[in-house]
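# Structure at a glance
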Amino acid sequence: MAMATDFAPDRVDFYLGDPHATFRRLRAEDPLHWHSDGPFWCATRHAEVIEISRRPRIFSSAHGTQLFEVRDRLAGHSSIMENAPSIIRMDPPVHNRHRKLVIGAFTPRMIAALEPRVRELARESAARIRAGEPFDFIEQVAVPLPMLMMAELLGVPSSDFAAFRRWSDAMVEVGANGPKPETAGIIGELVGYMLEKIAECRRSPREDVLSTLAQAELDGVRLTDPELGIFCLTLLVAGNETTRHLISGGMHALLDDHSQWEKLCANPSLLPNAVEEMLRYVSPIQNFARRVERDVELAGRQLKAGDYIVMFYGSANRDESVFGADSERFEIERKQASRHLAFGFGEHLCLGASLARLEARAMFEELITLGPGFSFAGTPRRISSTLVNGVAEMPVVFETRA
């Protein structure tokens, strides 16, 4: 199938437009599309994304997972991530061993222990909302809760929160457009900072994720400093940025169809399912890539060893065969919402999924308590990125009379 020239999934402006119209056509006519300008395969349906995720030995993460890495690899350039790959860029059995290092920090018992602090931070954000005073929902509501929770999990003191925010924003920029000299320098600052904190944890262990990592061993050998630094970067992005975009994108969807927000305020018991629908509809991470390790057939197409294939989660999460003919609509009572792939699937299922759900529920419970009187106070501005689906700025006002 020949696609229109506006299909450019490796360009930011494609996502700032209306990518879903194109993805809808691809799912119907060419669900495993060869994007010759990449060049790479595009998996747009739910079924293929699951199959790729289930077969990590055939569809490898070790050769780059982000579009800028695919571009660099295909051009014969090395990646700055190669010398210290993150857990996202590992295959079994190495991936499994690294995953076990931190999985203990995200058990149901540990998440339950974090809940009081999560709710406290959510209350603090909601308490700053003043009736009749427009505010930026991103800065006041979506950013603080996940950022402060991840900072505390990593042992970052409140005095360093401003620097932590700057580092976090730099990581999003890298995901959007690849590393640049200025962002590489900022990331270097973060790695250096975290390694100092890890050294402190080795001297005086605490009850936090960083101390767990500092003491962790793989096959009797401790992780190297570069490995630890990249591990911290991964946790920062996975635990902070994606939840920020879940909360902001979820509120954007609710206010865009205000009847959904009114329905949720009238029946707060719908919130758990509403969060799943937010994850499905927003898809905070838009895509991840894999490299084909051996010739294989998928969706009736022949893939060759060395090909790259990109899984488009935002498209898979609107697959009509899974979510119904109205899959393009945001519906908090959608029965199939929990089948979304927003947290990935299989080996690379997001470790912090339960924490992200808790944070989103806690934040929206506080907003629901204020009532349905929220509305847009200006035009939201999207983040320019090929990786994350997020809102950079969203003016909102709360009117008690609503």
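Residues numbered from 1 in each chain as written. Predicted model: local features only at pLDDT ≥ 70, side-chain atom pairs only at ≥ 80, totals over all residues. Heavy atoms only, no water.

Our next topic: the layout of surface pockets. In this structure, the second largest pocket occupies an estimated 550 Å³ of space. What lines the second largest pocket is a set of 27 residues, among which His20, Tyr281, Arg318, Arg382 and Asn389 lie closest to the centre. Among the elements of the structure, helix H2 (19–29), helix H12 (225–256), helix H14 (271–282) and helix H15 (313–316) are those that each provide at least two residues to the lining of the second largest pocket. Considering only residue class, the lining of the second largest pocket consists of nine nonpolar, eleven polar and seven charged. (1 Å grid on protein atoms, 1.4 Å probe; cavity = no way out; pocket = protein on both sides within 12 Å on 5 of 7 lines; lining within 4 Å. Points joined across faces, edges and corners; volume = space filled by probe spheres on them. Helix = DSSP H or I, 4+ residues; strand = E, 2+ residues; numbered from the N terminus. Nonpolar A, V, L, I, M, F, W, Y, C, P; charged D, E, K, R; others polar.)

As for its position among the elements, Lys197 is in helix H10 (residues 181–203). Those residues in contact with Lys197 that sit more than four places away from it in its chain are Gly155, Pro157, Asp160 and Leu210. (Contact = heavy atoms within 4.5 Å.)

With respect to topology, five strands assemble into an open sheet ordered E1-E2-E10-E7-E3, the strand pairing being mixed. Both edges of this open sheet fall to strand E1 (32–35) and strand E3 (59–60), since each of them pairs with a single strand only. Where strand E7 (residues 287–292) lies against strand E10 (residues 308–312), five bridges are found, and the strand directions are antiparallel. From the neighbouring strand, Arg291 faces E10, where its bridge partner is Tyr308. The strands that helix H3 (residues 46–54) touches are strand E2 (40–43), E3, E7 and E10; relative to E10, the one it contacts most, it runs at about 125 degrees. (Pairing = 2+ DSSP bridges. Axes fitted to C-alpha atoms, helices over the stretch in contact; angles between N-to-C directions.)

For helix H13 (residues 258–266), the set of buried residues is Gln260, Trp261, Leu264 and Cys265. Looking straight down H13, one finds that the buried residues subtend no more than 135 degrees of arc, so they occupy a single side. (Buried < 20%, exposed > 50% of the residue type's maximum accessible area, 1.4 Å probe, protein only. Arc of directions from axis to C-beta.)

All told, the structure shown has one cavity of 30 Å³ or more when counted by the stated rule. Space inside the largest cavity adds up to approximately 40 Å³. Considering the residues around the largest cavity, the lining is formed by Ile52, Ser53, Pro56, Phe59, Arg290, Phe345, Glu347 and His348. Its residues placed into classes, the lining of the largest cavity shows four nonpolar, two polar and two charged.

Taken as a whole and assessed by the stated rule, the structure comprises 29 salt bridges. The partner of Glu115 in a salt bridge is Arg119, with the nearest N and O atoms 2.9 Å apart. Of the two residues, Glu115 and Arg119 both sit in helix H6 (residues 108–127), four residues apart, roughly one turn of that helix. Here Glu120 and Arg117 are joined by a salt bridge, their closest N and O atoms 3.1 Å apart. You can see Glu120 and its partner Arg117 sitting in helix H6, three residues apart, about one turn around the helix. (Salt bridge = Lys/Arg side-chain N within 4 Å of Asp/Glu carboxyl O.)

Here the focus is the nonpolar core. Grouped together as the largest cluster of nonpolar side chains are 91 residues, with contacts concentrated most on Phe137, Met251, Trp261, Leu367 and Phe374. Residue contributions to this core peak at 13 residues, all from H12. Contact partners of Phe137, with chain neighbours within four places excluded, come to Ala142, Ile247, Ser248, Met251, Leu367, Met394 and Val396. (Core = buried A, V, L, I, M, F, W, Y, C linked by side-chain atoms within 4.5 Å.)

Now for unusual backbone geometry. Along the chain, Gly38 connects to Pro39 via a cis peptide bond; the corresponding omega equals -10 degrees. Among the secondary structure elements, Pro39 is positioned in the loop between E1 and E2. Each neighbour pair has its own omega, and for Pro92 with Pro93 the value is 0 degrees, a cis peptide bond. Structurally, Pro93 is set in the loop between helix H4 (67–74) and helix H5 (94–103). Although it is not a glycine, Ser283 adopts a positive phi angle of roughly 50 degrees. Structurally, Ser283 can be placed in the loop between H14 and E7.

Once that is clear, we can look at H10. The end-to-end C-alpha separation of H10 is 34 Å, in line with the 33 Å expected for 23 residues at 1.5 Å each. Taken as a whole, H10 has its buried residues at Thr183, Ile186, Ile187, Leu190, Val191, Tyr193, Met194, Lys197, Ile198 and Cys201. (Expected span 1.5 Å × (residues − 1).)

Two elements in contact, helix H8 (residues 144–153) and H12, have axes separated by 8 Å at closest approach and are oriented at 165 degrees. Between H8 and H12, the interaxial angle falls into the category roughly antiparallel. Seen from above, H8 lies across H12 with right-handed handedness. When H8 is examined against H12, the residues Leu145, Pro146, Met147 and Met150 are found in contact with a partner set consisting of Leu235, Leu236, Gly239, Asn240, Thr243, Arg244 and Ile247. Class assignment of the residues belonging to the contact of H8 with H12 gives a composition of seven nonpolar, three polar and one charged. (Parallel < 35°, antiparallel > 145°, perpendicular 65-115°, else oblique. Left-handed = near helix turned anticlockwise from the far one by under 90°.)

Tallying each qualifying case throughout the model produces eleven aromatic pairs. An aromatic cluster is present here, built from Phe7, Phe14, Tyr15, Phe23 and Phe312 joined pairwise through their rings. The lysine or arginine in question, Arg280, covers the ring of Phe323, its NZ or CZ lying 5.3 Å from the ring centre. The aromatic ring of Tyr281 is capped on one face by Arg318, whose charged end is 4.2 Å from the ring centroid. (Phe/Tyr/Trp six-rings, centres within 6.5 Å; stacked < 30°, edge-to-face > 60°. Lys NZ or Arg CZ within 6 Å of the ring centre and 35° of its normal.)

Shape is all these values report; function is a separate question.
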